[in-house]
Amino acid sequence: MLLEHELAWVDEKIYWEIYENSLKYPNEFWMRHMQDISWKKSPEIAFDERSGRWLPGGISNVCYNCIDRHAEKTPDKPAIVWYGDMPGERREISFAELQRMVVRISSVLRARGVKKGDVVGLYMPMIPEAIAAMQACARMGALHLVVFAGFSAEALAYRLSVSQAKVILTVSAANRGGKRIKVLDNVEAAVVNMERPPEIINVDTLGNVELDDRIAWLSESDNLFVLYTSGSSGKPKGIIHSALPYILYVATTFKVIFDIKPNDVYFCTSDVGWITGHSYIAYAPLFFGLTTVIFSGSPTYPEADRYWDIIEREHVSIFYSAPTAIRSLQMFNRKFVERHDLSSLRILGSVGEPINRSAWQWYFDVIGGGRCPIMDTWWQTETGGIVLAPLRTLKQKPGVAGKPFFGISPKISDNGELTITSKWAGLCRAVVYECGVAGNTTEFCENIFRKNYFKDGAFLTGDGATQDANGDIKISGRLDDVINISGHRLGTAEFECAINKIDEVKESAVVAVPHDIKGQTAFAYVVSKTELLTPEAKADIAKKIVAATRCCIGAIAKPDFIAFVPDLPKTRSGKIVRHILRAIANGESYENKDVASVVNSRVLPDLQAAVHNSLHCPDMCKLK
Ligand code: WTA
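Residues numbered from 1 in each chain as written. Predicted model: local features only at pLDDT ≥ 70, side-chain atom pairs only at ≥ 80, totals over all residues. Heavy atoms only, no water.

A. Region of the structure containing the packing of helix H8 (residues 244-257) against helix H9 (residues 275-287). Running from N to C, H8 and H9 cross one another at 80 degrees; their axes reach a closest spacing of 9 Å. The orientation of H8 with respect to H9, classified from their angle, is roughly perpendicular. For the pair H8 and H9, the contacting residues are Tyr-246, Ile-247, Val-250, Ala-251, Thr-253 and Phe-254 in the first and His-278, Ser-279, Tyr-280, Tyr-283, Ala-284, Pro-285 and Phe-287 in the second. When its residues are assigned to classes, the contact of H8 with H9 shows ten nonpolar, three polar and no charged. (Axes fitted to C-alpha atoms, helices over the stretch in contact; angles between N-to-C directions. Helix = DSSP H or I, 4+ residues; strand = E, 2+ residues; numbered from the N terminus. Parallel < 35°, antiparallel > 145°, perpendicular 65-115°, else oblique. Contact = heavy atoms within 4.5 Å. Nonpolar A, V, L, I, M, F, W, Y, C, P; charged D, E, K, R; others polar.)

Shown next, in the form of structure tokens:
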């Protein structure tokens, strides 16, 4: 297979030349890269500018490209190396073995009546079976719907029913950080009240299966998966990705940005529950036949050196992680890093949120030994793959995601929002809100996507950004009502939905505030039905709030601060004035803000006082 590296260590001048050409002649650029895909029938062109279609006429299969072709050529090469909760817990799965796992799972799915285009739920920890299950869906043309195993039963139930999943693949239990998590129990709790519950398939107990190794050959219009993510509404939305155009974009970005070589050992610390775990764990590394290391434990259990230990044991050359993980590990004594030989590392990556200067410097100096460039990759569930990343030069700018990938034309709008005006193959195809995937035509979901995400032909990212004289782009963060907690994208409205269900609560408003480790955390303003609350009553409601967010969303969604207020600032039409709430929660005075639109401005001094007296949830937990 072609591992083309002409684009790898280019200098600035050559980069801009290739970049300009990729925008002017997109078909030519992508024709070269589509050769990395093994085609059943090769498309004649990569991109048809007139119709906006990618890979028209092409026929192939993502799983074939990620697994079968390598199982033929390098059957014994490790495809996945898994580390469990304890340092000695390790499994190695060769490409041949992975192929057997995949065929077994897809045979079971077929036997249970799953067909091309059906939705298959997946709720599993980071184990090789999770990747095998995703690939099994890809093999038969079913769409996988992975739900992060940290989400609650209720959150799982919502996603399964909205997408009308036919079956849900899961396992009995998982160990993380020394605790046993009963995964299957959550799935059972999720389906119990569903009108049309999906059939539960426990991958631990598949039993004897009649093998059926057929591959569904897909065209450019077929889809690969649906993955839910948060936006401004109270419900998460399902993002639908194509199979072939998506894999072209994901594979090409991976190859170029991480400068991959056949013997690289790649370790990404994300989870299959997020888009990073889809694009750059389950798909891109396997597509190129690389060995990929996965880890289902906690980075600090039993000690804060799990990542560094794994890098040393496996001679990891490319390490892709997140600012929140880096910040939390930076807090520990350096001896945890220094006891390990990290000299195998060549390239580092970061994704999920802006990386602050101190974390960047520590990552560069202490983990990368000053040798490894940091690929600060900016992208989103919707973009499918990486959109902005620096060049691999060592003249890097900490905290600056940097340059657009080839074929990407970023434009910063007047209000400071990053938009993208070009077309690229990785962009999602459709989006599903409260109505089902199966219940709606693809056309309907595609139209909703276009309506919600585009303005004057430009894709709206929802992120604020600035661009320097070199064309390097720095991301400031979300401009909409999305909170990024430890790189987990959650909507403030989802929190409010959960909190407003509590009997004692009249209404609430949740905003983001900065957090040293998590990047951001949730700050909840709560108006209770009773005006005067005793400290005990407040603590009691606060406990219910933590329980409610855990139940509706998951443990990752705990608000860290709760302020009880008499009312929320509102406009004449009753809209909550969020920018004032955000400013006050961030310690600013409302006096410097534009409060003209607030009709009940007498509440503002009370808000400021309440923020000073807000309950900090860790303290609150001690009250239990
Ligand atoms: C944020 C994750 C700054 C951003 C792949 C985006 C980042 C949201 C970066 C998407 C980065 C991701 N620098 N911010 N390198 N990477 N983000 O959909 O706000 O889970 O809109 O996709 O994460 O989150 P999502």
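B. Representation of the pairing of strand E18 (residues 347-350) in the model. Taking every second residue as pointing to the same face, both faces of E18 are buried, with Ile-347 and Gly-349 on one and Leu-348 and Ser-350 on the other. With four bridges connecting them, strand E17 (residues 318-321) and E18 associate as parallel partners. Residue pairing across strands places Ser-321 opposite Ser-350, the latter belonging to E18. In the sheet, E18 pairs with strand E19 (residues 374-376) via three bridges, with the strands oriented parallel. (Buried < 20%, exposed > 50% of the residue type's maximum accessible area, 1.4 Å probe, protein only. Pairing = 2+ DSSP bridges.)

C. Representation of empty space enclosed by the protein within the structure. Under the criterion given, the structure shown has one cavity of 30 Å³ or more. Taken as a whole, the largest cavity encloses approximately 110 Å³ of empty space. Along the walls of the largest cavity sit 13 residues, with Ile-257, Ala-389, Pro-390, Leu-391 and Phe-405 positioned nearest its centre. Tallied by class, residues from the lining of the largest cavity come to eleven nonpolar, no polar and two charged. (1 Å grid on protein atoms, 1.4 Å probe; cavity = no way out; pocket = protein on both sides within 12 Å on 5 of 7 lines; lining within 4 Å. Points joined across faces, edges and corners; volume = space filled by probe spheres on them.)

D. Structural view of the pattern of salt bridges. Overall, the coordinates contain 34 salt bridges when judged by the stated rule. For the salt bridge of Asp-472 with Lys-403, the shortest nitrogen-to-oxygen distance reads 2.5 Å. One end of the pair, Asp-472, is in the loop between strand E26 (458-467) and strand E27 (473-478); the other, Lys-403, is in strand E21 (residues 403-404), with 69 residues separating them in the sequence. Taking relative accessible area as the criterion, Asp-472 reaches 7% and is therefore assigned buried. Residue Asp-480 pairs with Arg-478 through a salt bridge whose shortest N-O separation is 2.6 Å. Each of Glu-12, Lys-397, Lys-403, Asp-468 and Asp-472 takes part in one network of salt bridges that share partners. (Salt bridge = Lys/Arg side-chain N within 4 Å of Asp/Glu carboxyl O.)

E. Seen up close, the site of the ligand. Neighbouring the ligand are 17 residues, the closest being Asp-376, Thr-377, Thr-381, Asp-463 and Arg-489. Residue Gly-352 places a main-chain N or O atom 3.1 Å away from a nitrogen atom belonging to the ligand. Interatomic distance of 2.7 Å between a side-chain N/O atom of Arg-489 and an oxygen atom of the ligand. Coverage of the ligand by the protein amounts to 96% of the 530 Å² it exposes when considered alone. If you list the elements that add at least two residues to the shell around the ligand, you get H9 and E27. Residue composition of the shell around the ligand, by class: six nonpolar, six polar and five charged. (Near = heavy atom within 4 Å. Polar contact = N/O pair within 3.5 Å; in protein donor to acceptor, adjacent residues only side chain to side chain. Areas by Shrake-Rupley, 256 points an atom, 1.4 Å probe, with all protein chains shown as cover.)

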